[in-house]
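Close look at the chain arrangement
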Number of protein chains: 2
Amino acid sequence: MDDESWSPPQVLVAVDLVILTLRAGVLQVLMVERGIEPYRGALALPGGFLYDEREDLLGAARRELREEADLEPERLHLEQFGAYGAPDRDPRGRVVSVAYLAIAPGLPEPVAGGDAAGASWRPVQEVASGRSCLAFDHRQVLTDGLELARSKLERSSLATTFCGETFTIAELQRVYEAVWETSLDPRNFYRKVQGASGFVVPAESEPRPTKGRPARLFRAGPSTVLYPAITRPDTAEQEDGA
Amino acid sequence: MDDESWSPPQVLVAVDLVILTLRAGVLQVLMVERGIEPYRGALALPGGFLYDEREDLLGAARRELREEADLEPERLHLEQFGAYGAPDRDPRGRVVSVAYLAIAPGLPEPVAGGDAAGASWRPVQEVASGRSCLAFDHRQVLTDGLELARSKLERSSLATTFCGETFTIAELQRVYEAVWETSLDPRNFYRKVQGASGFVVPAESEPRPTKGRPARLFRAGPSTVLYPAITRPDTAEQEDGA
DNA sequence: TAAATAGTGTCTGTAAGACAGTATCGA
DNA sequence: TCGATACTGTCTTACAGACACTATTTA
(Lines give C-alpha, C1' and ligand atoms only; values in the text may rest on other atoms or scores of the structure.)
Protein backbone atom coordinates (compact mmCIF):
# COMPACT_ATOMS: atom_id res chain seq x y z
CA MET A 1 0.00 0.00 0.00
CA ASP A 2 2.81 2.41 0.72
CA ASP A 3 4.65 1.39 -2.39
CA GLU A 4 6.89 4.23 -3.46
CA SER A 5 5.95 4.05 -7.11
CA TRP A 6 2.23 3.79 -6.47
CA SER A 7 -0.08 6.73 -6.76
CA PRO A 8 -3.80 6.83 -6.28
CA PRO A 9 -6.05 7.03 -9.33
CA GLN A 10 -7.48 10.34 -10.42
CA VAL A 11 -11.25 10.33 -10.46
CA LEU A 12 -13.97 12.63 -11.70
CA VAL A 13 -16.49 13.71 -9.09
CA ALA A 14 -20.07 14.54 -9.95
CA VAL A 15 -23.19 15.46 -8.05
CA ASP A 16 -26.60 14.08 -8.93
CA LEU A 17 -29.85 15.56 -7.76
CA VAL A 18 -33.12 13.92 -6.84
CA ILE A 19 -35.47 16.89 -6.95
CA LEU A 20 -38.97 16.12 -5.78
CA THR A 21 -42.11 18.17 -5.95
CA LEU A 22 -45.84 17.70 -5.84
CA ARG A 23 -47.85 18.67 -8.88
CA ALA A 24 -51.53 17.94 -9.28
CA GLY A 25 -51.36 15.70 -6.27
CA VAL A 26 -48.72 13.36 -7.64
CA LEU A 27 -45.10 13.13 -6.62
CA GLN A 28 -42.83 14.14 -9.45
CA VAL A 29 -39.12 14.12 -9.99
CA LEU A 30 -37.14 16.38 -12.25
CA MET A 31 -35.44 14.46 -15.04
CA VAL A 32 -33.38 15.57 -17.99
CA GLU A 33 -33.17 13.88 -21.34
CA ARG A 34 -29.58 13.21 -22.24
CA GLY A 35 -28.49 14.92 -25.44
CA ILE A 36 -25.08 13.29 -25.64
CA GLU A 37 -23.52 9.88 -25.27
CA PRO A 38 -23.43 7.83 -23.20
CA TYR A 39 -27.10 7.03 -22.69
CA ARG A 40 -28.14 9.57 -25.32
CA GLY A 41 -31.90 9.91 -25.27
CA ALA A 42 -32.30 8.23 -21.90
CA LEU A 43 -33.62 9.97 -18.83
CA ALA A 44 -31.12 11.04 -16.21
CA LEU A 45 -31.13 12.88 -12.94
CA PRO A 46 -29.93 16.47 -13.16
CA GLY A 47 -26.32 16.76 -12.15
CA GLY A 48 -22.84 17.30 -13.36
CA PHE A 49 -19.19 17.35 -12.57
CA LEU A 50 -17.55 19.50 -9.99
CA TYR A 51 -16.77 22.76 -11.70
CA ASP A 52 -13.31 23.41 -10.40
CA GLU A 53 -10.87 22.69 -7.60
CA ARG A 54 -12.45 25.23 -5.33
CA GLU A 55 -16.07 24.19 -5.52
CA ASP A 56 -17.36 22.10 -2.68
CA LEU A 57 -19.92 19.33 -3.00
CA LEU A 58 -22.89 21.24 -1.64
CA GLY A 59 -21.88 24.21 -3.77
CA ALA A 60 -21.90 22.04 -6.85
CA ALA A 61 -25.33 20.72 -5.93
CA ARG A 62 -26.61 24.29 -5.55
CA ARG A 63 -25.13 25.31 -8.85
CA GLU A 64 -26.71 22.38 -10.67
CA LEU A 65 -30.01 23.16 -9.03
CA ARG A 66 -29.86 26.62 -10.53
CA GLU A 67 -28.45 25.64 -13.90
CA GLU A 68 -30.32 22.47 -14.66
CA ALA A 69 -33.53 23.03 -12.76
CA ASP A 70 -33.77 26.81 -12.73
CA LEU A 71 -34.53 26.65 -9.01
CA GLU A 72 -33.33 28.94 -6.25
CA PRO A 73 -31.14 26.80 -3.98
CA GLU A 74 -31.55 29.14 -1.03
CA ARG A 75 -35.20 28.33 -0.56
CA LEU A 76 -35.00 24.61 -0.93
CA HIS A 77 -34.22 21.72 1.30
CA LEU A 78 -30.98 20.18 0.04
CA GLU A 79 -29.42 17.18 1.68
CA GLN A 80 -26.71 14.71 0.80
CA PHE A 81 -27.63 11.06 0.93
CA GLY A 82 -25.04 8.88 -0.71
CA ALA A 83 -22.01 8.36 -2.87
CA TYR A 84 -22.01 6.05 -5.86
CA GLY A 85 -18.73 4.81 -7.21
CA ALA A 86 -18.97 1.48 -8.97
CA PRO A 87 -16.04 1.36 -11.40
CA ASP A 88 -18.26 0.73 -14.40
CA ARG A 89 -21.09 3.08 -13.60
CA ASP A 90 -19.97 5.55 -16.27
CA PRO A 91 -18.57 4.14 -19.51
CA ARG A 92 -16.49 7.27 -20.03
CA GLY A 93 -14.26 6.50 -17.09
CA ARG A 94 -14.08 6.51 -13.38
CA VAL A 95 -16.70 8.79 -11.87
CA VAL A 96 -17.80 8.99 -8.26
CA SER A 97 -21.13 10.69 -7.85
CA VAL A 98 -22.45 12.25 -4.68
CA ALA A 99 -26.22 12.34 -4.52
CA TYR A 100 -28.40 15.07 -3.05
CA LEU A 101 -32.07 15.19 -2.28
CA ALA A 102 -33.92 18.45 -2.96
CA ILE A 103 -37.53 19.26 -2.21
CA ALA A 104 -39.38 22.03 -4.02
CA PRO A 105 -42.86 23.40 -3.47
CA GLY A 106 -45.22 22.62 -6.31
CA LEU A 107 -44.36 24.82 -9.24
CA PRO A 108 -47.12 25.74 -11.67
CA GLU A 109 -44.93 25.68 -14.78
CA PRO A 110 -42.87 22.83 -16.03
CA VAL A 111 -39.30 24.02 -15.81
CA ALA A 112 -38.26 26.12 -18.76
CA GLY A 113 -35.68 28.55 -19.98
CA GLY A 114 -31.95 28.72 -19.74
CA ASP A 115 -29.88 25.62 -19.31
CA ALA A 116 -32.87 23.77 -18.02
CA ALA A 117 -34.12 23.24 -21.55
CA GLY A 118 -34.26 19.48 -21.46
CA ALA A 119 -35.64 19.20 -17.96
CA SER A 120 -39.14 18.08 -17.12
CA TRP A 121 -41.16 16.84 -14.19
CA ARG A 122 -42.10 13.20 -14.35
CA PRO A 123 -44.27 11.15 -12.03
CA VAL A 124 -41.97 9.26 -9.70
CA GLN A 125 -43.97 6.09 -9.99
CA GLU A 126 -43.50 6.04 -13.74
CA VAL A 127 -39.78 6.75 -13.61
CA ALA A 128 -38.77 4.61 -10.66
CA SER A 129 -40.82 1.55 -11.44
CA GLY A 130 -39.38 -0.51 -14.19
CA ARG A 131 -40.24 0.56 -17.66
CA SER A 132 -38.42 3.75 -18.58
CA CYS A 133 -34.72 3.54 -19.28
CA LEU A 134 -32.56 5.51 -16.89
CA ALA A 135 -28.96 6.49 -17.46
CA PHE A 136 -26.10 5.20 -15.32
CA ASP A 137 -27.17 3.87 -11.91
CA HIS A 138 -29.77 6.58 -11.59
CA ARG A 139 -32.59 4.20 -10.85
CA GLN A 140 -30.78 3.14 -7.71
CA VAL A 141 -29.97 6.73 -6.83
CA LEU A 142 -33.60 7.71 -7.27
CA THR A 143 -34.77 4.79 -5.16
CA ASP A 144 -32.38 5.67 -2.35
CA GLY A 145 -33.34 9.33 -2.45
CA LEU A 146 -36.99 8.46 -2.38
CA GLU A 147 -36.55 6.24 0.63
CA LEU A 148 -34.74 9.04 2.42
CA ALA A 149 -37.58 11.44 1.69
CA ARG A 150 -40.15 8.92 2.83
CA SER A 151 -38.42 8.23 6.10
CA LYS A 152 -37.69 11.87 6.85
CA LEU A 153 -41.35 12.71 6.55
CA GLU A 154 -41.92 10.73 9.71
CA ARG A 155 -39.65 12.55 12.12
CA SER A 156 -38.85 15.88 10.47
CA SER A 157 -40.93 18.75 9.26
CA LEU A 158 -39.70 18.17 5.71
CA ALA A 159 -43.22 17.85 4.37
CA THR A 160 -43.89 21.57 4.70
CA THR A 161 -41.17 22.30 2.16
CA PHE A 162 -43.39 20.67 -0.45
CA CYS A 163 -46.01 23.32 0.28
CA GLY A 164 -46.17 27.00 -0.42
CA GLU A 165 -45.87 29.70 2.21
CA THR A 166 -49.25 28.83 3.65
CA PHE A 167 -51.18 25.63 3.35
CA THR A 168 -54.10 23.72 4.78
CA ILE A 169 -53.87 20.55 6.80
CA ALA A 170 -55.50 18.71 3.93
CA GLU A 171 -52.79 19.92 1.57
CA LEU A 172 -50.16 18.71 3.99
CA GLN A 173 -51.90 15.40 4.13
CA ARG A 174 -51.77 15.11 0.36
CA VAL A 175 -48.00 15.52 0.60
CA TYR A 176 -47.73 12.57 2.95
CA GLU A 177 -50.09 10.49 0.88
CA ALA A 178 -48.26 11.19 -2.36
CA VAL A 179 -44.78 10.53 -0.99
CA TRP A 180 -45.80 7.46 0.94
CA GLU A 181 -48.23 6.20 -1.70
CA THR A 182 -50.84 5.58 0.95
CA SER A 183 -54.04 7.10 2.10
CA LEU A 184 -54.39 8.44 5.60
CA ASP A 185 -57.37 9.09 7.83
CA PRO A 186 -57.92 12.87 7.72
CA ARG A 187 -59.18 12.99 11.30
CA ASN A 188 -56.23 11.18 12.78
CA PHE A 189 -53.88 13.12 10.55
CA TYR A 190 -55.33 16.40 11.76
CA ARG A 191 -54.93 15.39 15.36
CA LYS A 192 -51.35 14.25 14.86
CA VAL A 193 -50.23 17.37 13.02
CA GLN A 194 -51.72 19.55 15.72
CA GLY A 195 -50.18 17.40 18.39
CA ALA A 196 -46.65 17.68 17.03
CA SER A 197 -45.64 20.87 18.77
CA GLY A 198 -44.17 23.50 16.52
CA PHE A 199 -44.83 21.61 13.30
CA VAL A 200 -47.34 24.11 11.95
CA VAL A 201 -48.61 27.44 13.25
CA PRO A 202 -51.81 29.22 12.27
CA ALA A 203 -51.51 31.78 9.51
CA GLU A 204 -54.34 34.25 9.37
CA SER A 205 -55.06 35.07 5.78
CA GLU A 206 -57.94 35.00 3.38
CA PRO A 207 -59.61 31.68 2.87
CA ARG A 208 -59.29 29.93 -0.45
CA PRO A 209 -61.89 29.34 -3.12
CA THR A 210 -63.42 26.00 -2.29
CA LYS A 211 -66.38 23.79 -2.26
CA GLY A 212 -67.39 23.01 1.28
CA ARG A 213 -66.16 24.67 4.41
CA PRO A 214 -62.99 26.71 3.89
CA ALA A 215 -59.98 25.37 5.71
CA ARG A 216 -57.74 27.23 8.10
CA LEU A 217 -54.36 28.14 6.80
CA PHE A 218 -51.06 27.33 8.44
CA ARG A 219 -47.43 27.97 7.86
CA ALA A 220 -44.36 25.95 8.80
CA GLY A 221 -43.63 26.17 12.51
CA PRO A 222 -40.29 26.46 14.26
CA SER A 223 -39.66 22.76 14.81
CA THR A 224 -37.54 20.74 12.48
CA VAL A 225 -37.90 17.57 14.51
CA LEU A 226 -41.37 16.13 14.96
CA TYR A 227 -42.48 14.87 18.31
CA PRO A 228 -44.54 12.81 18.39
CA ALA A 229 -43.62 11.57 14.95
CA ILE A 230 -46.09 11.21 12.09
CA THR A 231 -45.76 7.48 11.64
CA ARG A 232 -45.87 5.77 8.33
CA PRO A 233 -48.37 2.93 8.04
CA ASP A 234 -46.92 -0.56 7.81
CA THR A 235 -45.85 -1.38 4.31
CA ALA A 236 -45.44 -5.06 5.16
CA GLU A 237 -42.65 -5.20 7.72
CA GLN A 238 -39.66 -7.00 6.30
CA GLU A 239 -37.59 -9.75 7.77
CA ASP A 240 -34.76 -11.57 6.16
CA GLY A 241 -33.02 -14.74 7.03
CA ALA A 242 -29.62 -14.95 8.68
CA MET B 1 -20.90 24.97 -18.23
CA ASP B 2 -20.66 23.32 -21.62
CA ASP B 3 -17.68 25.43 -22.56
CA GLU B 4 -15.66 23.55 -25.13
CA SER B 5 -12.34 24.19 -23.45
CA TRP B 6 -13.55 23.31 -19.97
CA SER B 7 -12.83 20.02 -18.35
CA PRO B 8 -13.78 18.85 -14.89
CA PRO B 9 -11.13 18.74 -12.19
CA GLN B 10 -9.42 15.49 -11.33
CA VAL B 11 -9.91 14.52 -7.73
CA LEU B 12 -8.50 11.92 -5.38
CA VAL B 13 -11.06 9.70 -3.71
CA ALA B 14 -10.52 8.18 -0.30
CA VAL B 15 -12.53 6.08 2.11
CA ASP B 16 -12.52 6.71 5.83
CA LEU B 17 -13.72 4.20 8.40
CA VAL B 18 -15.45 4.71 11.70
CA ILE B 19 -14.90 1.33 13.33
CA LEU B 20 -16.70 0.90 16.62
CA THR B 21 -16.43 -1.79 19.20
CA LEU B 22 -17.17 -2.34 22.84
CA ARG B 23 -14.29 -3.11 25.15
CA ALA B 24 -14.59 -3.30 28.90
CA GLY B 25 -18.05 -1.79 28.64
CA VAL B 26 -16.98 1.38 26.88
CA LEU B 27 -17.52 2.32 23.28
CA GLN B 28 -14.24 2.55 21.46
CA VAL B 29 -13.22 3.65 18.01
CA LEU B 30 -10.20 2.53 16.08
CA MET B 31 -7.79 5.39 15.41
CA VAL B 32 -4.41 5.53 13.78
CA GLU B 33 -1.64 7.91 14.62
CA ARG B 34 -0.46 9.65 11.50
CA GLY B 35 3.18 9.05 10.71
CA ILE B 36 3.43 11.51 7.84
CA GLU B 37 2.41 15.02 7.05
CA PRO B 38 -0.09 16.52 6.98
CA TYR B 39 -1.31 16.23 10.56
CA ARG B 40 1.73 14.17 11.53
CA GLY B 41 1.24 12.84 15.05
CA ALA B 42 -2.45 13.57 15.14
CA LEU B 43 -5.10 10.89 15.40
CA ALA B 44 -6.99 9.98 12.26
CA LEU B 45 -9.63 7.53 11.22
CA PRO B 46 -8.32 4.52 9.34
CA GLY B 47 -8.70 4.95 5.63
CA GLY B 48 -6.92 5.62 2.42
CA PHE B 49 -7.18 6.34 -1.24
CA LEU B 50 -8.86 4.18 -3.79
CA TYR B 51 -6.26 1.68 -4.92
CA ASP B 52 -6.85 1.69 -8.63
CA GLU B 53 -9.37 2.40 -11.33
CA ARG B 54 -11.13 -0.90 -10.82
CA GLU B 55 -11.70 -0.83 -7.10
CA ASP B 56 -15.15 0.18 -5.97
CA LEU B 57 -15.90 2.19 -2.84
CA LEU B 58 -17.11 -0.67 -0.69
CA GLY B 59 -14.17 -2.74 -1.88
CA ALA B 60 -11.79 -0.03 -0.78
CA ALA B 61 -13.50 0.12 2.60
CA ARG B 62 -13.12 -3.64 2.97
CA ARG B 63 -9.47 -3.50 1.99
CA GLU B 64 -8.72 -0.76 4.50
CA LEU B 65 -10.54 -2.71 7.16
CA ARG B 66 -8.19 -5.58 6.56
CA GLU B 67 -5.03 -3.57 6.09
CA GLU B 68 -5.39 -0.91 8.70
CA ALA B 69 -7.48 -2.68 11.28
CA ASP B 70 -6.58 -6.30 10.66
CA LEU B 71 -10.28 -7.18 10.71
CA GLU B 72 -12.15 -9.62 8.53
CA PRO B 73 -14.57 -7.53 6.44
CA GLU B 74 -16.86 -10.48 5.74
CA ARG B 75 -17.99 -10.80 9.30
CA LEU B 76 -18.59 -7.14 10.02
CA HIS B 77 -21.36 -4.70 9.46
CA LEU B 78 -20.11 -2.13 6.95
CA GLU B 79 -22.25 0.72 5.78
CA GLN B 80 -21.68 3.93 3.90
CA PHE B 81 -22.87 7.11 5.54
CA GLY B 82 -21.52 10.19 3.87
CA ALA B 83 -19.16 11.94 1.50
CA TYR B 84 -16.91 14.76 2.59
CA GLY B 85 -15.49 17.06 0.00
CA ALA B 86 -14.71 20.52 1.28
CA PRO B 87 -12.02 21.92 -1.01
CA ASP B 88 -9.63 22.62 1.84
CA ARG B 89 -10.16 19.48 3.86
CA ASP B 90 -6.82 18.04 2.79
CA PRO B 91 -3.90 20.45 2.41
CA ARG B 92 -2.29 18.15 -0.15
CA GLY B 93 -4.99 18.79 -2.70
CA ARG B 94 -8.52 18.02 -3.61
CA VAL B 95 -9.72 14.88 -1.89
CA VAL B 96 -13.26 13.62 -1.60
CA SER B 97 -13.67 11.07 1.13
CA VAL B 98 -16.48 8.56 1.44
CA ALA B 99 -17.13 7.47 5.00
CA TYR B 100 -18.12 4.01 6.19
CA LEU B 101 -19.33 2.78 9.53
CA ALA B 102 -18.11 -0.61 10.72
CA ILE B 103 -19.09 -2.48 13.85
CA ALA B 104 -16.91 -5.16 15.37
CA PRO B 105 -17.56 -7.47 18.29
CA GLY B 106 -15.38 -6.72 21.29
CA LEU B 107 -11.90 -7.91 20.58
CA PRO B 108 -9.72 -8.95 23.52
CA GLU B 109 -6.47 -7.65 22.07
CA PRO B 110 -5.73 -4.17 20.93
CA VAL B 111 -5.14 -4.41 17.22
CA ALA B 112 -1.63 -5.52 16.33
CA GLY B 113 0.49 -6.84 13.58
CA GLY B 114 0.85 -6.10 9.92
CA ASP B 115 -0.08 -2.75 8.52
CA ALA B 116 -2.20 -2.05 11.53
CA ALA B 117 0.87 -1.12 13.51
CA GLY B 118 -0.19 2.38 14.46
CA ALA B 119 -3.81 1.51 15.16
CA SER B 120 -5.37 1.48 18.60
CA TRP B 121 -8.78 1.47 20.20
CA ARG B 122 -9.70 4.72 21.93
CA PRO B 123 -12.74 5.57 23.97
CA VAL B 124 -15.14 7.43 21.73
CA GLN B 125 -15.96 9.96 24.38
CA GLU B 126 -12.32 10.94 24.69
CA VAL B 127 -11.76 11.20 20.94
CA ALA B 128 -14.99 12.83 19.86
CA SER B 129 -15.32 15.35 22.65
CA GLY B 130 -13.07 18.27 22.25
CA ARG B 131 -9.59 17.81 23.52
CA SER B 132 -7.63 15.49 21.27
CA CYS B 133 -6.48 16.78 17.92
CA LEU B 134 -7.97 14.97 14.96
CA ALA B 135 -6.67 15.10 11.41
CA PHE B 136 -8.67 16.59 8.54
CA ASP B 137 -12.42 16.80 9.19
CA HIS B 138 -12.37 13.51 11.01
CA ARG B 139 -14.08 14.88 14.09
CA GLN B 140 -17.11 15.65 11.96
CA VAL B 141 -16.91 12.28 10.24
CA LEU B 142 -16.73 10.52 13.59
CA THR B 143 -19.67 12.50 14.92
CA ASP B 144 -21.79 11.68 11.90
CA GLY B 145 -20.86 8.01 12.03
CA LEU B 146 -21.67 7.86 15.70
CA GLU B 147 -25.05 9.41 15.18
CA LEU B 148 -25.80 6.84 12.48
CA ALA B 149 -24.85 4.01 14.82
CA ARG B 150 -26.96 5.47 17.60
CA SER B 151 -30.03 5.86 15.46
CA LYS B 152 -29.69 2.45 13.83
CA LEU B 153 -29.71 0.76 17.21
CA GLU B 154 -33.31 1.83 17.56
CA ARG B 155 -34.80 0.17 14.53
CA SER B 156 -32.27 -2.41 13.36
CA SER B 157 -30.66 -5.39 14.96
CA LEU B 158 -27.25 -3.74 14.61
CA ALA B 159 -26.54 -4.05 18.32
CA THR B 160 -25.98 -7.79 18.09
CA THR B 161 -22.98 -7.24 15.83
CA PHE B 162 -21.21 -5.69 18.82
CA CYS B 163 -21.59 -9.02 20.62
CA GLY B 164 -19.99 -12.37 20.08
CA GLU B 165 -21.78 -15.41 18.72
CA THR B 166 -23.84 -15.78 21.87
CA PHE B 167 -24.66 -13.19 24.47
CA THR B 168 -26.92 -12.45 27.38
CA ILE B 169 -29.63 -9.84 27.45
CA ALA B 170 -27.57 -7.91 29.97
CA GLU B 171 -24.63 -7.84 27.56
CA LEU B 172 -26.90 -6.56 24.83
CA GLN B 173 -28.15 -3.91 27.20
CA ARG B 174 -24.58 -2.80 27.86
CA VAL B 175 -24.19 -2.26 24.13
CA TYR B 176 -27.16 0.07 24.04
CA GLU B 177 -26.04 1.89 27.14
CA ALA B 178 -22.52 2.39 25.88
CA VAL B 179 -23.52 3.60 22.42
CA TRP B 180 -26.29 5.83 23.70
CA GLU B 181 -24.42 6.96 26.79
CA THR B 182 -27.48 6.29 28.91
CA SER B 183 -28.62 3.80 31.43
CA LEU B 184 -31.67 1.68 30.79
CA ASP B 185 -34.03 -0.17 33.07
CA PRO B 186 -33.05 -3.84 32.81
CA ARG B 187 -36.59 -5.06 33.30
CA ASN B 188 -38.09 -2.93 30.59
CA PHE B 189 -35.15 -3.67 28.33
CA TYR B 190 -35.65 -7.38 28.78
CA ARG B 191 -39.31 -7.11 27.90
CA LYS B 192 -38.63 -5.02 24.81
CA VAL B 193 -35.92 -7.26 23.43
CA GLN B 194 -38.14 -10.30 23.85
CA GLY B 195 -41.05 -8.43 22.34
CA ALA B 196 -39.17 -7.51 19.17
CA SER B 197 -39.88 -10.62 17.16
CA GLY B 198 -36.84 -12.25 15.64
CA PHE B 199 -34.33 -9.95 17.31
CA VAL B 200 -32.75 -12.66 19.43
CA VAL B 201 -33.31 -16.39 19.68
CA PRO B 202 -32.34 -18.69 22.55
CA ALA B 203 -29.00 -20.44 22.27
CA GLU B 204 -28.61 -23.44 24.46
CA SER B 205 -25.07 -23.63 25.64
CA GLU B 206 -23.17 -23.78 28.87
CA PRO B 207 -23.78 -20.93 31.28
CA ARG B 208 -21.01 -18.50 32.00
CA PRO B 209 -18.94 -18.07 35.14
CA THR B 210 -20.76 -15.48 37.18
CA LYS B 211 -21.73 -14.15 40.51
CA GLY B 212 -25.44 -14.50 40.97
CA ARG B 213 -27.87 -16.41 38.83
CA PRO B 214 -26.46 -17.36 35.44
CA ALA B 215 -28.17 -15.71 32.50
CA ARG B 216 -29.67 -17.42 29.49
CA LEU B 217 -27.73 -17.13 26.29
CA PHE B 218 -29.07 -15.88 22.99
CA ARG B 219 -27.82 -15.44 19.49
CA ALA B 220 -28.85 -12.95 16.81
CA GLY B 221 -32.24 -13.76 15.35
CA PRO B 222 -33.36 -13.56 11.74
CA SER B 223 -34.77 -10.05 11.83
CA THR B 224 -32.77 -7.08 10.67
CA VAL B 225 -35.58 -4.63 11.30
CA LEU B 226 -36.85 -4.25 14.85
CA TYR B 227 -40.52 -4.08 15.54
CA PRO B 228 -41.41 -2.69 17.95
CA ALA B 229 -38.31 -0.53 17.98
CA ILE B 230 -36.02 -0.21 20.98
CA THR B 231 -36.53 3.48 21.56
CA ARG B 232 -33.79 5.80 22.68
CA PRO B 233 -34.61 7.89 25.74
CA ASP B 234 -35.08 11.60 25.14
CA THR B 235 -31.79 13.38 24.96
CA ALA B 236 -33.46 16.79 25.25
CA GLU B 237 -35.57 17.13 22.12
CA GLN B 238 -34.26 19.88 19.92
CA GLU B 239 -36.06 22.70 18.24
CA ASP B 240 -34.60 25.47 16.22
CA GLY B 241 -36.01 28.75 15.10
CA ALA B 242 -37.32 29.42 11.62
C1' DT C 1 -82.36 22.08 1.67
C1' DA C 2 -78.22 18.83 0.11
C1' DA C 3 -73.47 18.08 -0.92
C1' DA C 4 -68.98 18.78 0.34
C1' DT C 5 -65.22 19.64 2.97
C1' DA C 6 -63.37 21.01 7.83
C1' DG C 7 -62.70 20.01 12.34
C1' DT C 8 -63.75 17.49 17.20
C1' DG C 9 -64.56 13.68 20.27
C1' DT C 10 -64.46 8.98 21.85
C1' DC C 11 -63.07 4.24 22.23
C1' DT C 12 -59.74 0.49 22.12
C1' DG C 13 -55.37 -1.80 21.77
C1' DT C 14 -50.44 -1.46 22.16
C1' DA C 15 -46.25 0.21 23.80
C1' DA C 16 -43.29 2.84 27.17
C1' DG C 17 -41.67 3.94 31.66
C1' DA C 18 -41.70 3.14 36.65
C1' DC C 19 -41.11 -0.16 39.93
C1' DA C 20 -42.50 -4.52 43.11
C1' DG C 21 -41.71 -9.06 43.44
C1' DT C 22 -39.86 -13.89 42.53
C1' DA C 23 -36.03 -17.20 40.94
C1' DT C 24 -31.48 -19.14 40.89
C1' DC C 25 -26.94 -19.01 41.35
C1' DG C 26 -22.09 -18.65 44.46
C1' DA C 27 -20.10 -18.10 48.92
C1' DT D 1 -28.06 -17.75 55.25
C1' DC D 2 -27.00 -13.59 52.24
C1' DG D 3 -25.61 -11.02 48.32
C1' DA D 4 -25.96 -10.74 43.65
C1' DT D 5 -27.78 -11.11 39.34
C1' DA D 6 -31.72 -12.91 36.33
C1' DC D 7 -36.23 -12.81 35.19
C1' DT D 8 -41.62 -11.84 35.59
C1' DG D 9 -45.57 -9.13 36.53
C1' DT D 10 -48.38 -4.93 37.24
C1' DC D 11 -49.79 -0.24 36.94
C1' DT D 12 -50.19 4.24 34.57
C1' DT D 13 -49.82 7.16 30.81
C1' DA D 14 -49.29 8.21 25.91
C1' DC D 15 -50.00 7.36 21.31
C1' DA D 16 -52.06 4.87 17.04
C1' DG D 17 -55.90 3.54 14.45
C1' DA D 18 -60.89 3.22 13.77
C1' DC D 19 -64.86 5.78 13.32
C1' DA D 20 -69.26 8.87 14.93
C1' DC D 21 -70.30 13.31 15.12
C1' DT D 22 -70.66 18.50 14.63
C1' DA D 23 -69.51 22.86 11.90
C1' DT D 24 -69.30 25.88 7.99
C1' DT D 25 -69.27 26.80 3.54
C1' DT D 26 -71.40 26.70 -1.79
C1' DA D 27 -75.09 25.44 -4.83
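The name given to chain A in an unreviewed UniProt entry is 8-oxo-dGTP diphosphatase, with the source organism recorded as Prauserella sediminis.

A look at the packing of helix H3 (residues 138–155) of chain B against helix H4 (residues 169–180) of chain B
Residue and element names in this part refer to chain B. As a packed pair, H3 and H4 sit with axes 9 Å apart at the nearest point and diverge in direction by 145°. Between H3 and H4 lies a crossing of left-handed hand. Taken together, the residues of H4 that come into contact with H3 (itself represented by Ala-149, Arg-150, Leu-153 and Glu-154) are Val-175, Tyr-176, Val-179 and Trp-180. Classifying every residue of the contact of H3 with H4 gives six nonpolar, no polar and two charged.

Quick notes on the environment of Arg-131 of chain B
All names here are of chain B. Summarising the element assignment, Arg-131 is placed in the loop between helix H2 (124–128) and H3. For Arg-131, a relative accessible area of 73% corresponds to the exposed category. Through-space distance from the C-alpha of Arg-131 to that of Ala-102 is 24 Å; in sequence the pair is 29 residues apart.

Some remarks on the protein's contact with DNA strand D
Near DNA strand D there are 21 residues, and of these Arg-187, Asn-188 and Lys-192 of chain A together with Arg-187 and Arg-216 of chain B occur at the shortest range. At the protein interface, 54% of the atoms of DNA strand D within 4 Å belong to sugar or phosphate. Here a base nitrogen of DNA strand D and a side-chain polar atom of Arg-213 of chain A are 3.1 Å apart. Between a sugar or linking oxygen of DNA strand D and a side-chain N or O atom of Tyr-190 of chain B, the distance comes to 3.0 Å.

Parameters and conventions
- Residues numbered from 1 in each chain as written.
- Chains lettered and ligands numbered in written order.
- Predicted model: local features only at pLDDT ≥ 70, side-chain atom pairs only at ≥ 80, totals over all residues.
- Heavy atoms only, no water.
- Axes fitted to C-alpha atoms, helices over the stretch in contact; angles between N-to-C directions.
- Helix = DSSP H or I, 4+ residues; strand = E, 2+ residues; numbered from the N terminus.
- Left-handed = near helix turned anticlockwise from the far one by under 90°.
- Contact = heavy atoms within 4.5 Å.
- Nonpolar A, V, L, I, M, F, W, Y, C, P; charged D, E, K, R; others polar.
- Buried < 20%, exposed > 50% of the residue type's maximum accessible area, 1.4 Å probe, protein only.
- Near = heavy atom within 4 Å.
- Polar contact = N/O pair within 3.5 Å; in protein donor to acceptor, adjacent residues only side chain to side chain.

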